[in-house]
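# Overview (structure and organization)
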Amino acid sequence: DAMVIQNPRYQVTQFGKPVTLSCSQTLNHNVMYWYQQKSSQAPKLLFHYYDKDFNNEADTPDNFQSRRPNTSFCFLDIRSPGLGDAAMYLCATSGDPQETQYFGPGTRLLVL
Amino acid sequence: GNSVTQMEGPVTLSEEAFLTINCTYTATGYPSLFWYVQYPGEGLQLLLKATKADDKGSNKGFEATYRKETTSFHLEKGSVQVSDSAVYFCALSEPGANSKLTFGKGITLSVRP
C-alpha cells in the first residue's frame, strides 16, 4: 500500500542534543509537510517542501530545520531541543498544495 | 483570514447513539472541507472530504454536507461504536499555490459500551 512512513515512532533525546526525525513516502507526492502537535491541540504547520522549494512558516523557530534530499524523503532537524519541543511530530504529503493531505503515524519526541 | 470553529468538547455517548459534531468555517474563497480522525497515539487519518457546496462526504458510516449558506460542515453518524472513540478535527484548505490546512481545535469523542 502506498503510504507515509515516519521513523522512529518514539524518540527520546536530551536537552540541547540535536535530533533528526525521518519521513518517507511511496505516494510520489510533490509536497511534504511537517507539523508539530502538542497535547490536546491541533497540529501546527512548521514548514513544507513543494518539490525542492522550501516554505517556512513565519512563526517557526530557527531551531527547526528541514531537508528533502529526494522526492521520497524529508527530514526534520531540531538543532538544540528544549523541554518545550516535546510533542508529536507529524509528516504529511499531498500531490499538490490544493489536494488532500495524507498523514503519517507521527513521531513522539520526549526531551529529558 | 481563514478559521474553523468546532463545538466544545469532550463528547461522551453510549454505543449506538446518534452523533453530531458541529463545524463552521470562515474563508475568503471557496475552500475544500475535511474531517480528520486521530486515534490515541496515532497520526491523522482522512475521514471524509467535500470540495464544493452541497457535496456530501461519507465514509465508515460518517457523513458531512458542505453547506455554503450556513458555512458549516457538521459531522454525523447514525449509530456510534466504541471503536469510534477518537479526536475529530474539522479543517479547510483554500485553492491556490500556497494552500494550507486550517484546523479546528478538535473534539474528543468517547463512546461507552
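About the thresholds
Residues numbered from 1 in each chain as written. Chains lettered and ligands numbered in written order. Predicted model: local features only at pLDDT ≥ 70, side-chain atom pairs only at ≥ 80, totals over all residues. Heavy atoms only, no water. Helix = DSSP H or I, 4+ residues; strand = E, 2+ residues; numbered from the N terminus. Rg over C-alpha atoms; globule rule 2.2 N^0.38 Å. Areas by Shrake-Rupley, 256 points an atom, 1.4 Å probe, with all protein chains shown as cover. Lys, Arg positive; Asp, Glu negative; His and termini not counted. Charge placed at Lys NZ, Arg CZ, Asp CG, Glu CD. Core = buried A, V, L, I, M, F, W, Y, C linked by side-chain atoms within 4.5 Å. Buried < 20%, exposed > 50% of the residue type's maximum accessible area, 1.4 Å probe, protein only. Pairing = 2+ DSSP bridges. Axes fitted to C-alpha atoms, helices over the stretch in contact; angles between N-to-C directions. Patch = residues over 30% accessible without salt bridge, like charges linked within 9 Å, V, L, I, M, F, W, Y side chains within 5 Å. Salt bridge = Lys/Arg side-chain N within 4 Å of Asp/Glu carboxyl O. Polar contact = N/O pair within 3.5 Å; in protein donor to acceptor, adjacent residues only side chain to side chain. Contact = heavy atoms within 4.5 Å. Phe/Tyr/Trp six-rings, centres within 6.5 Å; stacked < 30°, edge-to-face > 60°.

This part is about the overall build of chain B. In terms of helices and strands, chain B carries zero helices and twelve strands. When the helices and strands of chain B are placed in sequence order, the string is β-β-β-β-β-β-β-β-β-β-β-β. Against the 2.2 N^0.38 benchmark of 13 Å for 113 residues, chain B shows a C-alpha radius of gyration of 14 Å, consistent with a compact globule. Based on the C-alpha atoms only, the size of chain B along its principal axes is roughly 45 × 30 × 20 Å. Summed over its atoms, the accessible surface of chain B is roughly 5400 Å², and 48% of this surface lies on carbon and sulfur atoms. Counting 10 positive and 11 negative side-chain charges, chain B places the averaged centre of each group 5 Å from the other.

A separate point is the nonpolar core. Residues B:Trp35, B:Leu47, B:Leu48, B:Phe73, B:Leu75 and B:Tyr88 are the most contacted members of the largest nonpolar core, which totals 26 residues. A:Trp34, A:Leu46, A:Tyr89 and A:Val111 belong to the second largest nonpolar core, which has 18 residues in total.

A separate point is the sheet that holds strand E9 (residues 75–77) of chain B. All names here are of chain B. With antiparallel pairing, four strands are arranged side by side in an open sheet as E3-E9-E8-E7. At either end of the open sheet lies a strand with only one pairing partner, and these are strand E3 (19–21) and strand E7 (56–59). With strand direction ignored, the average angle separating the axes of adjacent strands in the sheet is 15°. Sheet topology note: the E3/E9 ladder contains three bridges and is antiparallel. Residue pairing in the sheet places Ile-21 in a bridge with Leu-75 of E9.

Let us look at a nonpolar patch on the surface. On the surface, A:Val12, A:Leu110 and A:Leu112 cluster together into a nonpolar patch covering about 290 Å² of accessible area. Along the chain, A:Val12 falls in strand E2 (residues 10–13).

Further remarks concern the side chain of A:Gln25. All names here are of chain A. Position of Gln-25 among the secondary structure elements: in strand E3 (residues 19–25). Engagement of the side chain of Gln-25 in a polar contact is seen with the backbone nitrogen of Asn-28, the distance being 3.0 Å. Discounting residues that sit within four places of it in the chain, Gln-25 has contacts with Met-3, Val-4, Met-32, Arg-68, Thr-71, Ser-72 and Thr-93.

Here we come to the packing of aromatic side chains. For the coordinates displayed, the defined rule picks out 14 aromatic pairs over all chains. Centre to centre, the rings of B:Phe89 and B:Phe103 are 6.0 Å apart; their planes meet at 80°, and the pair counts as edge-to-face. On the criterion of sequence distance, the pair formed by B:Phe89 in strand E10 (residues 86–93) and B:Phe103 in strand E11 (residues 101–103) is long-range, its members being 14 residues apart. The burial state of B:Phe89 is the same as that of B:Phe103; both residues are buried. Chaining the aromatic ring pairs together yields one cluster made of A:Tyr33, A:Tyr35, A:Phe103, B:Phe34, B:Tyr36, B:Phe89 and B:Phe103.

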